[in-house]
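So the chains spell out like this:
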Amino acid sequence: MHVSADSRYRFYVNGQPVGRGPARSDLDHYTFETYDVSSLLRPGRNVLAAQVFHFGLNGPVAEMHDPHGGFVLQGTLELPGADALPLDTDAQWRVLVDRAYGPRLCFPRDAYIV
């Protein structure tokens, strides 16, 4: 699995944490992490999930962020004697917005008093 997001993600397979990222980058040089999740897959239904944090334009100064955010996963499931099954993010993925998190901007007033 190749995984990336704007701004940050935590990736899970069947409820087990797999990894988080991405490494710091900018919009011209996005990075992704690669995970081998074969040991976490089981016969039948499997759940691939990610918790994504989008910082938007108010993200850390050391990083560039797109105003829209996003998550991308690209992978292939290969089983003996069967055709390879793509596991890419597509319209079948479900998205749920967690309203418990949101941006909190801090502007210390005393820092600018002369």
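Residues numbered from 1 in each chain as written. Predicted model: local features only at pLDDT ≥ 70, side-chain atom pairs only at ≥ 80, totals over all residues. Heavy atoms only, no water.

K.L.:
Got a sec to walk through the layout of surface pockets? Specific residues and values, please.
P.N.:
Over the atoms rolls a probe the size of a water molecule, and its path tells where empty space is left. When its volume is computed, the largest pocket comes out at roughly 1,400 Å³. Elements supplying a minimum of two residues to the lining of the largest pocket: β5 (48–53) and β6 (70–74). The element contributing the most residues to the lining of the largest pocket is β5, with 6 residues. Residue composition of the lining of the largest pocket, by class: 17 nonpolar, 12 polar and 7 charged. Taken together, L41, G44, R45, N46, L48, L77, L85 and L87 form the lining of the second largest pocket. Across the lining of the second largest pocket, the residue classes tally to 5 nonpolar, 2 polar and 1 charged. (1 Å grid on protein atoms, 1.4 Å probe; cavity = no way out; pocket = protein on both sides within 12 Å on 5 of 7 lines; lining within 4 Å. Points joined across faces, edges and corners; volume = space filled by probe spheres on them. Helix = DSSP H or I, 4+ residues; strand = E, 2+ residues; numbered from the N terminus. Nonpolar A, V, L, I, M, F, W, Y, C, P; charged D, E, K, R; others polar.)

K.L.:
Give me the sheet that holds strand β3 (residues 16–21): which residues, what numbers.
P.N.:
Spatially, 3 strands are ordered β3-β2-β5 in an open sheet, and the strand pairing comes out antiparallel. Looking at which strands have only one partner, the edges of the open sheet turn out to be β3 and β5. The average angle at which neighbouring strand axes cross in this sheet is 20°, direction not considered. Two elements, strand β2 (residues 8–13) and β3, share 5 bridges in a ladder whose sense is antiparallel. Of the residues in β3, the one forming a bridge with Y12 is P17. (Pairing = 2+ DSSP bridges. Axes fitted to C-alpha atoms, helices over the stretch in contact; angles between N-to-C directions.)

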